[in-house]
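Residues per chain are reported as follows:
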Amino acid sequence: MDQDVQIKITDRDGKLHEIAAPTDMALNIMEVVRLYELAPEGTIGICGGMAMCASCQCYVLTEHPLREMQDEEEAMLSEAFNVKPNSRLGCQIQITPEMEGLEIELAPED
Amino acid sequence: MITTDILIIGAGPTGLFTVFEAGLLKLKCHLIDALPQAGGQCSELYPKKPIYDIPAYPEILAGDLTEKLLEQSKQFEPGFTLGERAETIEKQADGSFVVTTNKGTQHKAPVVAIAGGLGSFEPRKPLLENIEFYEDKGVAYMIKDPEVYRNKKVVISGGGDSALDWAIFLSDVASEVTLIHRRNEFRGALDSVDKVQELKNKGLITLITPAEVTGLIGETKLEAIQVTKPGESPVTIETDCFIPLFGLSPKLGPIAQWGLEIEKNAIKVNNALDYQTNIPGIFAIGDVNTYPGKLKLILCGFHEATLMCQAAYQIINPGKRYVLKYTTVSGIDGFDGTRKEAPKAVVKSIN
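Residues numbered from 1 in each chain as written. Chains lettered and ligands numbered in written order. Predicted model: local features only at pLDDT ≥ 70, side-chain atom pairs only at ≥ 80, totals over all residues.

A separate point is the overall build of chain B. Per the secondary structure count, chain B includes 8 helices and 25 strands. Counting only C-alpha atoms, chain B reaches 85 × 60 × 40 Å along its principal axes. Buried positions account for 38% of the 351 residues belonging to chain B. Once local pairs closer than 6 in sequence are excluded, the contacts in chain B between residues at least 24 apart make up 59%. (Helix = DSSP H or I, 4+ residues; strand = E, 2+ residues; numbered from the N terminus. Buried ≥ 20, exposed ≤ 12 C-beta atoms within 10 Å, placed from the backbone. Contact = placed C-beta atoms within 7 Å.)

Counting from both sides, the interface comprises 15 residues of chain A and, opposite them, 20 residues of chain B. Here the side of chain A that touches chain B is composed, by residue class, of 8 nonpolar, 4 polar and 3 charged. (Nonpolar A, V, L, I, M, F, W, Y, C, P; charged D, E, K, R; others polar.)

The next subject is the nonpolar core. Ile6, Val112, Ala113 and Ile114 of chain B are the most contacted members of the largest nonpolar core, which has 48 residues in total. Here this core gets 7 residues from one element, more than from any other, and that element is helix 7 (residues 298–316) of chain B. Residues in contact with Ile114 of chain B, not counting those within four places in the same chain, are Ile9, Gly10, Ile255, Ile267, Ile282, Phe283, Ala284 and Val288 of chain B. Ile7, Met52 and Ala54 of chain A together with Leu118 of chain B belong to the second-largest nonpolar core, a separate cluster that totals 31 residues. (Core = buried A, V, L, I, M, F, W, Y, C linked by C-beta atoms within 7 Å.)

Take the sheet that holds strand 16 (residues 224–228) of chain B next. Within a sheet, adjacent strands bond to each other through the backbone by hydrogen bonds, running parallel or antiparallel. Residue and element names in this part refer to chain B. Read across the open sheet, the 3 strands follow the order 15-16-17; overall the sheet is antiparallel. Lying at the two open borders of the sheet, with one neighbouring strand each, are strand 15 (212–217) and strand 17 (235–238). If you compare each strand with its neighbour and ignore which way they point, the axes differ by 30 degrees on average. Alignment of strand 16 against strand 17, held across 4 bridges, turns out to be antiparallel. When the bridges of strand 17 are listed, Ile225 appears paired with Ile237. (Pairing = 2+ DSSP bridges. Axes fitted to C-alpha atoms, helices over the stretch in contact; angles between N-to-C directions.)

Looking now at helix 1 (residues 13–24) of chain B. Residues and elements named next belong to chain B. Along its 12 residues, helix 1 runs 17 Å from first to last C-alpha, staying within 8% of the 16 Å computed at 1.5 Å per residue. Three or more residues of helix 1 are buried, namely Pro13, Thr14, Gly15, Leu16, Phe17, Thr18, Val19, Phe20, Glu21, Ala22 and Gly23. Contacts made by the buried residues of helix 1 are with strand 2 (6–9), strand 3 (29–33), helix 2 (41–44), helix 3 (62–73), strand 10 (111–114) and helix 7. (Expected span 1.5 Å × (residues − 1).)

Turning our attention to helix 5 (residues 161–170) of chain B. All buried positions along helix 5 of chain B are accounted for by Ser162, Ala163, Leu164, Trp166, Ala167 and Leu170 of chain B. The elements touched by buried residues of helix 5 of chain B are strand 12 (153–157), strand 13 (176–180), helix 6 (190–201), strand 14 (205–208) and strand 18 (241–244) of chain B.

With that out of the way, let us pick up the pairing of strand 9 (residues 106–109) of chain B. All names here are of chain B. Where burial is concerned, the two faces of strand 9 differ: the one with His107 and Ala109 is buried and the one with Gln106 and Lys108 is not. Note: strand 1 (residues 2–3) against strand 9, 2 bridges, orientation parallel. Along strand 9, the bridge assignment pairs Thr3 with Lys108. Bridge count for strand 8 (residues 97–101) against strand 9 is 4 bridges, and the pairing is antiparallel. Bridging across to strand 9, Val99 finds its partner in His107. Remark: 4 residues form the turn of the hairpin made by strand 8 and strand 9, two consecutive strands paired antiparallel; Gly104 in that turn has positive phi of roughly 90 degrees.

Time to look at the packing of helix 1 of chain B against helix 7 of chain B. Residue and element names in this part refer to chain B. Orientation of helix 1 relative to helix 7, taken along the N-to-C sense of each, is 40 degrees, at an axis distance of 9 Å. Relative to helix 7, helix 1 is oriented oblique. Of the two elements, helix 1 crosses helix 7, and the hand of that crossing is right-handed. Each of Pro13, Thr14, Phe17, Thr18, Glu21 and Ala22 in helix 1 lies in contact with helix 7, whose residues at this interface are Ile298, Gly301, Phe302, Ala305, Thr306, Cys309 and Ala312. Of the residues assigned to the contact of helix 1 with helix 7, the class counts are 8 nonpolar, 4 polar and 1 charged. (Parallel < 35°, antiparallel > 145°, perpendicular 65-115°, else oblique. Left-handed = near helix turned anticlockwise from the far one by under 90°.)

Our next topic: the domain arrangement of chain B. Looking at chain B, the domain boundaries give domain 1 (2–122 + 249–340) and domain 2 (131–246). Between the C-alpha centres of domain 1 of chain B and domain 2 of chain B the distance comes to 38 Å. (Domains from an automatic or database assignment.)

This paragraph deals with the packing of helix 1 of chain B against helix 3 of chain B. Residues and elements named next belong to chain B. Look at helix 1 against helix 3: their axes get within 9 Å of each other, and the N-to-C directions meet at 20 degrees. The orientation of helix 1 relative to helix 3 falls into the category roughly parallel. The crossing of helix 1 and helix 3 is left-handed. Every residue of helix 3 that contacts helix 1 at Pro13, Leu16, Phe17, Val19, Phe20 and Gly23 is listed here: Leu65, Leu69, Leu70, Gln72 and Ser73. A class-by-class count of the residues in the contact of helix 1 with helix 3 yields 8 nonpolar, 3 polar and no charged.

Moving on to the sheet that holds strand 1 of chain B. As summarised here, the arrangement of the 4 strands in space is 1-9-8-7 (chain B), forming an open sheet in which the pairing is mixed. At either end of the open sheet lies a strand with only one pairing partner, and these are strand 1 and strand 7 (86–91) of chain B.

Attention now goes to the pairing of strand 1 (residues 4–10) of chain A. All names here are of chain A. Pairing between strand 1 and strand 2 (residues 16–22): 7 bridges, direction antiparallel. Across the sheet, residue Val5 finds its bridge partner in strand 2, namely Ala21. Taking the residues between adjacent antiparallel strands as the criterion, strand 1 and strand 2 are bridged by 5 residues, where Gly14 takes a positive phi near 85 degrees. Sheet topology note: the strand 1/strand 5 (residues 103–106) ladder contains 3 bridges and is parallel. Within strand 5, the residue paired with Ile9 across the bridge is Ile104.

Low pLDDT marks regions whose predicted coordinates should not be analysed in detail. For chain B, the average pLDDT comes to 94, and 100% of its residues sit at 70 or higher. Here the predicted complex carries an ipTM of 0.80, next to a pTM of 0.84. (pLDDT = per-residue confidence, 0-100.)

Below, the structure written as structure tokens:
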């Protein structure tokens, strides 16, 4: 059964990548970015996905309903740089079948 | 000059376990770490978070793992240079290395083991274009000596524990303390949040939220800052000091300039043998290294440290043969004169 969703990720150099993200591996957006090596190792997911750094910050460009922001993510984003109203931490957003067509852009490195 | 057998850069779990494995081979270790305490990420980022994949520990808090590793290596009397960052390395005529920290402390060893994880933790600097000009001229990212702020006007920004704690502390020292945070909510120990509320009510701390520092002003040193609330125009506030406290982020830092082969922000090593880098005598173990199939796991760091120590033994004792001894059989002789060993079986006849 094909459980991939197509998502569009713009990397930090502005390059657009259309990728198939699996929904059956409990991956989050940060992990998908690493899986496809869309940002150099060591510049994304530094804290390992604990919402304790903002290295996976991304801007959500579409209106997909995403998991609501939890306290930890909100607190981290309140101390991050380059934050916009559509900023999220990629590590806190699990890939689900509802995300077909999602478009995001990676925030610049700190 | 501090001299040792294995100089370990990074006092995280991999570095700490190296002390134990080296000790079994009668090799002495000294550790350098940019953080003021041992434990690396485990103590700096997530001391209260559980880890589930340390062999034989179904669950252990990262802070407790650090404690246990320190305890395990204690009898091998490791030396520590903490709060200093390894800056330069120079190879000596005798084949050994001298590593100097940013504070000028020198260390000499025949073997260097880089167990630097993601790099050294550096303060995260806010994105203000002229901020570097004001560094040491009113802007500081960490507080070393609170007395510097006596009777000064101080602005702190940030919303975590360190921002809260320093605002509280400096309210007693500085003439004015202003705390600026992007949100109304603070993320810190409840005690600290309550205390800041109390000091605000007493007029000892000025709180500006939700707001951001958006500009720095001053001819030769910091004289004022600009603060902007969402949807409002910037306001200028006179101040002597601005202390942004936005946490720490790891940077590979000076190690990247040591002539080591770097790939994917990590140091390439020989994983078929002993995790040596392209420079003989310098090893890289734990999260800081990379090789085909590398996994950044604490347990992999332990394994890498163990094999690296064998190679270090050969460098320090050339030509000497080594036979693996099990700790259960041979016990452990500490450098501090202690001995641990399995209790001897009692041989006694039953009549």
